[in-house]
Amino acid sequence: MDSIDIGIVVTSVMLVFVVLGMRVAFAAAGAGLAGLIWIFWAKKGYDPAQFTWALGVAVKTAGQVPHSKIASQALSLIPTFILIGYLAYYAGLTKALFEAAKRWVGWLPGGLAVSTVFATAGFAAVSGASVATSAVFARIAIPEMLKEGYDKRFAAGVVASAGTLASLIPPSAILVIYAIIVEQDVGMLLLAGFLPGAVSALIYGGLVVGMALVFPKFGPPVGGFSWKERFVSLPPALPILFVVVIIIFFIYNPFGGDAWGTPTEGGALGAFVVFCMALWRGMRWPQLRDALLETAKLSVMIFTIIWGVLIYVRFLGFANLPGAFADWISGLEQSPMLTLILILLAYAVLGMFMDAIGMLLLTLPVVYPAVIALNGGPDVTAADSAFGVSGVGCAIWFGIIVVKMAELCLITPPIGLNCFVVAGVRPDISVQDVFKGASPFFVADALTIATLIALPQIVLFLPGLLIG
Amino acid sequence: MAGASAVRTDDTLLSRLDRALFRVETLLALISGLAVFSLMLLAVVSVGGRNIFNQPLPGYVDWIEQAMPLIAFLGIAYCQRLGGHIRMDILVGQLRGRALWITEFLTTAVILLLMVLLVWGSWAHFQRSFDFNAPLWSRDSSFDIRLPLWPAKLLVPVAFSVLCARLVLQLWGYGRAILTGDPAPVAVPLIEDAATVAANEAAHVSGFEAAEEPDAVGDRRDGRGAD
Amino acid sequence: TEWNVSLWGKRRAFTEHVEKLAELVSEKTGGEFTLNISYGGLSKNTENLDGISIGAFEMAQFCAGYHADKNPSITVLELPFLGVDSLEKEIEASMAVYNHPAAQEDLGRWNATLLMPSPLPQYNIVGVGDGPKTLSEYEGLTVRATGGIGKAMAAVGAVPTSMSASEVRQAMDSGVVKAVSFAPHAHMSFGTVENATWWTTNLNPGTVNCPVVVNTDALNALTDAEREALMSSVDEALAHYVDYYNNQTMKAWGPLLEEKGIEQITYSDEELAAFREAVAGPAAAAWIEENSARNLPAQELYDLVIATIGE
Ligand code: NA
Ligand code: NA
């Protein structure tokens, strides 16, 4: 067997273990270690006397991956972004946002649902994780909507879907993870997520207004707020703006002056502002301890998958599987765009059964080089490329599309986690109801993805400013 | 997609060991959380130092790289205790009774084998960076300000060993469940359907809301409640 | 025999000697002995010595400054203001140290045999704003510089700032740092020249030393013909490297500076002498003291380098 066959066999066995319910991180690490042992032993002609040598080399090779890959500055953004999200609850930012959104856009058809979309988009600017965002707004927004006579499914669907905005609008843990796997600039990817996130929010908002116009029973507007009441609602929500401004100014100074620091510092400083705010709002040690434990748990969960998958990736490196797969994909005799769409459809299917982060980590090491090769290589210019984007541009553009794709899977049955979370917060609403309520947003997301594929400029405009 | 899971307790030796280990795991996880917190303070010092005093923190990147292993590894057994590591439970979610416990026992045993090997591998990685006869015992140092790397590298086998202890307890728990056929054994994270998982997630939010509504504290349902 | 070679990044001037070596070795042995070059697939660059020590791959490249404690002996080649002014001199000085028993013993701890250097020209500084024309104008200048060069910058009052290489471009464009110290090819590949306004032509504060090593056991296991094919190709591979760096990279460098209208700051001999006096002597003394404490013949190594460069 040559090393590519070994790669295919080991990868298949890993997928079997994942389906059997083994924790993804350990399934990947185990497959990687087993593959390394196989490759080193094969190098010695499967000589039984050499097995212990092969085992030792494989174990030591795998054993250096966790520390060497995790001790990285770029990865430090992930726990920071998670911490910001938890601290924001204590800072009372979520309620303030929803109240402000209600007073400003509540008068639109389906006004409370529109408010939910925009308040969620605002909260997304401090929260790095989708599921947590949906959970918060299910408690804050759904009761208000039901009180105004909104359709139950509709209300739940809005909250489940709007939560996915948190992963596009920076900060976003999943975009950082993507940037690390594909070795692209983290700041650039975060910046790239902003416009698509905003476009997504607008498409959601438009969809809600449209649906409320066609089916008035979905939900009435809520009006009657004076301008004074509107302006009074803004100050409590202002810290969000402040944090957003800080993070943006640390990535890129829109006024052309010096940026204030690096994205790493910006994320951490944003967390500090929210922390001060939460202290001021009465957070004390017991709540802080809880927030720290939750942050630790979510961070270790993500980091364990990262190093587990990277052990598997190390094995792939020795087996040269990504190179072979990239050669195969770029050698296909069909249009590159068709291949790209098929890849995205495969993600949609996989996403029905898997968590977004696990799915990206497992597949990107093989799929990403293939997509780059499909476009014409890492150094291709936009003019010579298959998708009309340069090598670096393709890395960013594909990242945003694939993250949006993974987020879409949070609202598709059978395991759309956001929908389960919303149903969990509201025992009176069944999961099926939430899935039904979210289905129009599924269509909106498909539209958004098609738009992003057709118009890469939406993704690449802001990073382009950074490159100059 | 299991998130936090409930772990049952009783008076057996297994359950008492489970809770004792959980206290250690919780302490380690808390240290990990404090490390995240310190990253935040480090950035404040660095930015403040640079912009106000034109004196950036020397070796800022080196310090972050030292803190990352604290964050990434110390909580690994805590997360396993609570069933927090991501998995696909579509298939095992359908299983009941002994069939379920046998499957869990097998996958857990594979993980234990893997982690024992990785304790060996990461210990070797530590050993290569450590030298009793060198200044600061260091045989590997960071890029900029040359901090010794061995303490951070040592954390990995230590955290992995705690995870191994946790896995042994879980194997014990699953093994006992296979023998007794107990539908809800102690000391192992019980599979919950997605709805229960979501209810736990929701309970978290109410935990946070508790900051504003003191009377809502009671209904948290993550593993801590089991103590 | 098939060897795995762990490099990082992508194919560039910095890796041309290894590519050439692979070509020559395969040619000379009629394909019997091949080098499989991997760019980052086998190890992280700071762990390449670990991989050699484990036996995961047979050949690797790394830079001494990434981890001084792993290879203290050869960090002598990274001291500031040694006075190296060509790639050929850099090769001579490197090989003199690589052939010294103390360096061989030092790398022997990793089961590694030093094969050849990857000579880099002296670092120089690219910056935005008004460039420092004299020593005193370095006072307060924020510069991305690490290790020995960072210390050299601090000695003249500049503010060395620590960040990873991938963040450097953005940090300079956005003003977090005003200047960056790299070798010319790195200034081009990390894009620091894109918005720069000045460049120091002859500050030459030092460089990094990046050897190519082989696993000693694997080297001993080669047949005589294979070992001969490998060792006899080193000089030709290095010659190809120097030719490539001088005629591809440096040829692009001058016109690029012109095209971007980057001011070239050249210091007078007196100015440079003042620099050396403030930095070089103290740095060398500190290095010798520290490494004598590690039981290295530090003074001897330092003298060897100075003598070789002075030839
Ligand atoms: Na976000
Ligand atoms: Na799904």
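Residues numbered from 1 in each chain as written. Chains lettered and ligands numbered in written order. Predicted model: local features only at pLDDT ≥ 70, side-chain atom pairs only at ≥ 80, totals over all residues. Heavy atoms only, no water.

An unreviewed UniProt entry lists chain B under the name TRAP transporter small permease protein, with Oceanomicrobium pacificus given as the organism.

Named according to an unreviewed UniProt entry, chain A is TRAP transporter large permease subunit originating from Oceanomicrobium pacificus. Per UniProt, the comment on chain A under Function (unreviewed entry) is "Part of the tripartite ATP-independent periplasmic (TRAP) transport system." (UniProt positions renumbered as here; feature names shortened; annotations may be inferred.)

**Student:** Mind showing me how you'd approach the overall build of chain A here?
**Tutor:** Across its full length, chain A holds 22 helices and zero strands. Radius of gyration (C-alpha) of chain A: 23 Å, near the 23 Å computed for a compact globule of 468 residues. Counting only C-alpha atoms and orienting by the principal axes, one finds that chain A spans roughly 80 × 55 × 50 Å. Across the 468 residues in chain A, those meeting the buried criterion constitute 63%. At a minimum sequence separation of 6, the contacts of chain A that also span at least 24 residues come to 75%. Total accessible area on chain A is roughly 15,300 Å²; 70% of this is exposed by carbon and sulfur atoms. Taken as two groups, the 23 positive and 23 negative side-chain charges of chain A have centres that lie 13 Å from each other. (Helix = DSSP H or I, 4+ residues; strand = E, 2+ residues; numbered from the N terminus. Rg over C-alpha atoms; globule rule 2.2 N^0.38 Å. Buried < 20%, exposed > 50% of the residue type's maximum accessible area, 1.4 Å probe, protein only. Contact = heavy atoms within 4.5 Å. Areas by Shrake-Rupley, 256 points an atom, 1.4 Å probe, with all protein chains shown as cover. Lys, Arg positive; Asp, Glu negative; His and termini not counted. Charge placed at Lys NZ, Arg CZ, Asp CG, Glu CD.)

**Student:** Can you help me understand the overall build of chain B in this one?
**Tutor:** For chain B, the helix and strand inventory stands at six helices and zero strands. Each helix and strand of chain B, placed in order from N terminus to C terminus, yields the pattern α-α-α-α-α-α. The buried share among the 227 residues of chain B stands at 59%. Counting contacts in chain B only where the partners sit at least 6 residues apart, residues at least 24 apart contribute 73% of the total. A total of about 8,800 Å² of accessible surface is found on chain B, and carbon and sulfur atoms cover 68% of it.

**Student:** How should helix α1 (residues 16–28) of chain C be read in this particular structure?
**Tutor:** Residue and element names in this part refer to chain C. Here α1 contains 13 residues, and its C-alpha end-to-end distance of 18 Å stays within 8% of the 18 Å for a straight helix at 1.5 Å per residue. Taken together, the buried positions of α1 are E16, H17, V18, E19, K20, L21, A22, L24 and V25. Of the residues one or two after α1, G30 is the one with positive phi, at around 60 degrees. (Expected span 1.5 Å × (residues − 1).)

**Student:** What am I meant to see in the interface of chain A and chain B here?
**Tutor:** Size of an interface: often given as the accessible area lost when the parts come together. Residue-level contacts link 78 residues of chain A with 81 residues of chain B. At the boundary of chain A and chain B, one finds zero salt bridges. Between chain A and chain B we count three residue pairs in polar contact (both at pLDDT 80 or more) in total. When residues of the side of chain A that touches chain B are assigned to their parent elements, the largest contribution, 18 residues, is made by helix α15 (residues 285–319) of chain A. Broken down by class, the residue content of the side of chain A that touches chain B amounts to 50 nonpolar, 17 polar and eleven charged. (Salt bridge = Lys/Arg side-chain N within 4 Å of Asp/Glu carboxyl O. Polar contact = N/O pair within 3.5 Å; in protein donor to acceptor, adjacent residues only side chain to side chain. Nonpolar A, V, L, I, M, F, W, Y, C, P; charged D, E, K, R; others polar.)

**Student:** Please clarify how the UniProt feature "transmembrane region" (unreviewed entry) in chain B should be interpreted in this entry.
**Tutor:** As recorded in UniProt, the sites labelled "transmembrane region" (unreviewed entry) are residues 26–48, 60–79, 100–123 and 150–169 of chain B. Across residues 26–48 of chain B one finds 100% helix and 0% strand; the C-alpha atoms that close the span lie 33 Å apart.

**Student:** I keep staring at unusual backbone geometry and nothing clicks. Help me out?
**Tutor:** Leave glycine aside and you will find that most residues have negative phi; peptide bonds, for their part, are mostly trans. Each neighbour pair has its own omega, and for P170 of chain A with P171 of chain A the value is 0 degrees, a cis peptide bond. With respect to the helices and strands, P171 of chain A occurs in the loop between α9 (152–162) and α10 (173–182). Positive phi values are uncommon outside glycine, yet F81 of chain C reaches one of about 55 degrees. As for its placement among the helices and strands, F81 of chain C is situated in the loop between β3 (59–61) and α3 (87–98). Owing to a relative accessible area of 8%, F81 of chain C belongs among the buried residues under this scheme. Positioned with a positive phi, N204 of chain C is a non-glycine residue whose angle comes to about 45 degrees. Locating N204 of chain C in the fold gives a position in the loop between β9 (198–200) and β10 (211–215). The exposure class assigned to N204 of chain C is partly exposed, which follows from its relative accessible area of 24%.

**Student:** Would you explain the pattern of salt bridges in this entry?
**Tutor:** Applying the stated criterion to the full structure yields 25 salt bridges over all chains. Between D140 of chain B and K153 of chain B there is a salt bridge, with the nearest N and O atoms lying 2.8 Å from each other. Of the two residues, D140 of chain B is situated in the loop between α4 (97–128) and α5 (150–180) and K153 of chain B in helix α5; the sequence distance between them amounts to 13 residues. Comparing D140 of chain B with K153 of chain B shows no difference in burial state: the two are buried. Of the charged contacts in the structure, one is a salt bridge between R294 of chain C and E290 of chain C, with a shortest N-O distance of 3.4 Å. For R294 of chain C, a relative accessible area of 17% corresponds to the buried category. Look at E290 of chain C and you get partly exposed, because its relative accessible area is 31%. Connected via shared salt-bridge partners are R128, D140 and K153 of chain B together with D50 and K70 of chain C.

**Student:** Explanation requested: the nonpolar core in the structure shown.
**Tutor:** Nonpolar side chains in soluble globular proteins tend to end up buried together. With 260 residues, the main nonpolar core has I78, I306, W307, Y347 and F398 of chain A together with M115 of chain B as its most contacted residues. Considering each element in turn, this core owes the most residues, 20 residues, to α15 of chain A. Those residues in contact with F398 of chain A, other than ones at most four positions away along the chain, are Y178, L340, L344, Y347, L364, V367, Y368 and V371 of chain A. (Core = buried A, V, L, I, M, F, W, Y, C linked by side-chain atoms within 4.5 Å.)

**Student:** Can you walk me through the packing of helix α2 (residues 24–43) of chain A against α4 of chain B in this structure?
**Tutor:** Across the interface, α2 of chain A lies against α4 of chain B with an axial gap of 10 Å and an inter-helix angle of 60 degrees. Between α2 of chain A and α4 of chain B, the angle falls in the class oblique. As for the relative orientation of α2 of chain A and α4 of chain B, their crossing is left-handed in sense. In this structure, α2 of chain A uses F26, A29, G30 and L33 of chain A to contact α4 of chain B, whose residues at the interface are I111, L114, M115 and L117 of chain B. Residue composition of the contact of α2 of chain A with α4 of chain B, by class: seven nonpolar, one polar and no charged. (Axes fitted to C-alpha atoms, helices over the stretch in contact; angles between N-to-C directions. Parallel < 35°, antiparallel > 145°, perpendicular 65-115°, else oblique. Left-handed = near helix turned anticlockwise from the far one by under 90°.)

**Student:** It is not clear to me how helix α12 (residues 298–310) of chain C should be interpreted in this structure. Could you clarify?
**Tutor:** Each full turn of the α-helix corresponds to 3.6 residues, which orients residues three or four apart in the same direction. Residues and elements named next belong to chain C. Here α12 contains 13 residues, and its C-alpha end-to-end distance of 18 Å stays within 8% of the 18 Å for a straight helix at 1.5 Å per residue. Residues A298, L301, Y302, V305, T308 and I309 constitute the buried set of α12. Looking down the long axis of α12, one finds its buried residues gathered within 130 degrees of arc, a one-sided arrangement. For α12, the secondary structure elements touched by its buried residues are α3 and α11 (269–292). (Arc of directions from axis to C-beta.)

**Student:** Before we go on, may I ask you to explain the environment of T120 of chain A in this structure?
**Tutor:** Residues and elements named next belong to chain A. Its place among the elements puts T120 in helix α7 (residues 111–124). Overall, T120 belongs to the buried group, its relative accessible area being 1%. In this structure, the C-alpha to C-alpha distance between T120 and F318, residues 198 residues apart in sequence, is 44 Å. Contacts of T120, omitting those with residues within four sequence positions, involve T133, F137, A162 and G163.

**Student:** Which parts of the structure should I look at to understand the packing of α10 of chain A against helix α11 (residues 186–214) of chain A?
**Tutor:** In a packed pair of helices, the relevant descriptors are the angle between the two axes and the axis-to-axis distance. All names here are of chain A. Contact geometry of α10 with α11 gives a least axis separation of 9 Å together with a crossing angle of 135 degrees. Comparing their axes, α11 and α10 come out oblique. Helix-helix and strand crossings are classified by hand; for α10 and α11 the assignment is right-handed. Residues L175, V176, Y178 and A179 of α10 form the contact with α11, whose own contacting residues are V186, L189, L190 and G193. Residues belonging to the contact of α10 with α11 are distributed by class as follows: seven nonpolar, one polar and no charged.

**Student:** Got a minute to help me understand the state of the cysteines in this structure?
**Tutor:** As used in these notes, a disulfide is a covalent bond between sulfur atoms, one from each of two cysteines. Enumeration according to the criterion identifies one disulfide over all chains in this entry. One disulfide bridge connects C63 of chain C with C210 of chain C, the sulfur atoms lying 2.0 Å from each other. Judged by the sign of its S-S torsion, about 95 degrees, the bond between C63 of chain C and C210 of chain C is right-handed. Here C210 of chain C lies in the loop between β9 and β10 and C63 of chain C lies in the loop between β3 and α3, a separation of 147 residues in the sequence. Exposure class is identical for C63 of chain C and C210 of chain C. Each is buried. Here C394 of chain A stays unpaired: no disulfide links it, and the sulfur of C409 of chain A, its closest cysteine neighbor, is 20 Å away. Considering cysteine sulfurs only, C79 of chain B is the nearest to C164 of chain B, which forms no disulfide, with 16 Å between them. (Disulfide = S-S within 2.5 Å.)

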